[in-house]
Amino acid sequence: AKGLGKARYAVFDTSMHAQAVALLQMETYLRRAVERQEFQLHYQPIVNLKTRELVGFEALIRLWHAERGFISPAEFIPVAEETGLIIQIGTWVLREACRQMYEWQQKFTAARNLKMSVNISPKQFRQLDLVTQVEQNLRETGLNARDLKLEITESTLVENADLVASMLKEMQALGIGLSIDDFGTGYSSLSYLHRFAIDTLKIDKSFIKDFNTDGEKSKIVNTVIVLAENLGIDVIAEGVETAEQAYLLQELKCQFGQGFLFSRPLDAQATEALIAAKLEC
Ligand code: C2E
Ligand code: CA
Ligand code: CA
Ligand code: CA
């Protein structure tokens, strides 16, 4: 038994070490990618479920490693948050998303009522000048505040709630939209939605997955939609993959959807082609 314990400890130790090395390598890699500006944005359409009209995009960051190929943001964003690099990365994302949207709006009349949604990490709210940065960004890129939406998570609202509330209020005063991302996965209540004057909820894809066969899930989704409607909040269902899900969501009066059924995230060129060709997915 003693020997086994020792062996187990050794395994644990090695994997901890490997993990620390991997984290350090990722950090070094991200730092270089920031310096060399190797990130890209892809854009995933958000559609009106009833009319299938395109209403906007979510900007999603992309990174290709020389040897490893595509690295998912689900892997590197947590490292960027841990190391503080998210500040520089987040600043670039916001700038590029606004610049690109404005360019499309100038080029295509049809793009003028589309909105751009940008993910903002909880750590970015530790920058006391975040609101000024966003404002300056709009001024410099030319994008109208009402065409920008910020996606924040429930954890942003819970951490440092008073400070975040006042920052969000200032954003709102500028005309920027606020969405709660991954709704239902974190700690937040409807009183939060009211307090922070949120205008959009994005129901997390874990609720949409199997919700056609899982009665419990469809009840939750229905409740969220009804309550949001009463509060005057828009709802976007994330991770819509099948026509059946889209149909059922529409039956529940969910207004908007996003997911592989409509489109995968597209690079800038493909996004532009979509805007140019048609505004339906
Ligand atoms: P998220 O904000 O929840 O973004 C939606 C994710 O769902 C994206 O993954 C998207 O590709 C994926 N998705 C879209 N439709 C479907 C579908 O029908 N089925 C399934 N299974 N997945 C779908 P992605 O691009 O890998 O991003 C993962 C996460 O990384 C994002 O989750 C977000 O938390 C973070 N992230 C991505 N870009 C940024 C960024 O620019 N800044 C920050 N702070 N975080 C970002
Ligand atoms: Ca998001
Ligand atoms: Ca989400
Ligand atoms: Ca999610």
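Definitions and cut-offs
- Residues numbered from 1 in each chain as written.
- Chains lettered and ligands numbered in written order.
- Predicted model: local features only at pLDDT ≥ 70, side-chain atom pairs only at ≥ 80, totals over all residues.
- Heavy atoms only, no water.
- Donors = N, O, S within 2.8 Å, 3.2 Å for Na, K, Ca; no water.
- Buried < 20%, exposed > 50% of the residue type's maximum accessible area, 1.4 Å probe, protein only.
- Phe/Tyr/Trp six-rings, centres within 6.5 Å; stacked < 30°, edge-to-face > 60°.
- Helix = DSSP H or I, 4+ residues; strand = E, 2+ residues; numbered from the N terminus.
- Near = heavy atom within 4 Å.
- Polar contact = N/O pair within 3.5 Å; in protein donor to acceptor, adjacent residues only side chain to side chain.
- Areas by Shrake-Rupley, 256 points an atom, 1.4 Å probe, with all protein chains shown as cover.
- 1 Å grid on protein atoms, 1.4 Å probe; cavity = no way out; pocket = protein on both sides within 12 Å on 5 of 7 lines; lining within 4 Å.
- Sits in = over half its atoms within 2 Å of the grid points.

**Let's talk about the coordination of the calcium ion (ligand 3)**
Okay, so step 1: Within the protein, the calcium ion (ligand 3) binds to Asp181 (OD), Asp182 (OD), Glu238 (OE) and Glu238 (OE); these donor distances fall in the range 2.1 to 2.6 Å.
Okay, so step 2: Each donor residue of the calcium ion (ligand 3) lies on one chain, and together they are spaced D-D-x55-E.
Okay, so step 3: Between the calcium ion (ligand 3) and the calcium ion (ligand 2), a spacing of 3.8 Å is present, and a bridge between the two is formed by aspartate 181.
Okay, so step 4: Taking the relative accessible area as the measure of exposure, aspartate 182 reaches 26% and is therefore partly exposed.

**Brief notes about the packing of aromatic side chains**
Okay, so step 1: Under the definition given, this model contains six aromatic pairs.
Okay, so step 2: Where phenylalanine 39 meets phenylalanine 76, the ring centres are 5.8 Å apart and the plane angle is 40°; that geometry is what we call tilted. Residue phenylalanine 39 is located in the loop between α1 (2-36) and β1 (40-48), and its partner phenylalanine 76 is located in helix α2 (residues 73-83); the two are separated by 37 residues in the primary sequence.
Okay, so step 3: Centre to centre, the rings of tyrosine 43 and phenylalanine 57 are 6.4 Å apart; their planes meet at 70°, and the pair counts as edge-to-face.

**Description of unusual backbone geometry**
Okay, so step 1: In this structure, asparagine 160 is a non-glycine residue whose phi angle is positive, near 55°.
Okay, so step 2: Position of asparagine 160 among the secondary structure elements: in the loop between α5 (154-158) and α6 (161-174).
Okay, so step 3: Taking relative accessible area as the criterion, asparagine 160 reaches 53% and is therefore assigned exposed.
Okay, so step 4: Even without being a glycine, aspartate 210 presents a positive backbone phi close to 60°.
Okay, so step 5: Locating aspartate 210 in the fold gives a position in the loop between α8 (205-208) and α9 (215-230).
Okay, so step 6: Given a relative accessible area of 38%, aspartate 210 falls into the partly exposed group.

**Notes on the site of ligand 1**
Okay, so step 1: Arg62, Ser121, Lys205, Glu241 and Phe260 are the nearest of the 21 residues found near ligand 1.
Okay, so step 2: Interatomic distance of 3.2 Å between a side-chain N/O atom of glutamate 58 and an oxygen atom of ligand 1.
Okay, so step 3: Burial of ligand 1 by the surrounding chains reaches 82%, relative to a free accessible area of 800 Å².
Okay, so step 4: In a pocket analysis with a 2 Å cut-off to the grid points, ligand 1 is assigned to the largest pocket.

Honestly, it's all geometry; don't read function into it.
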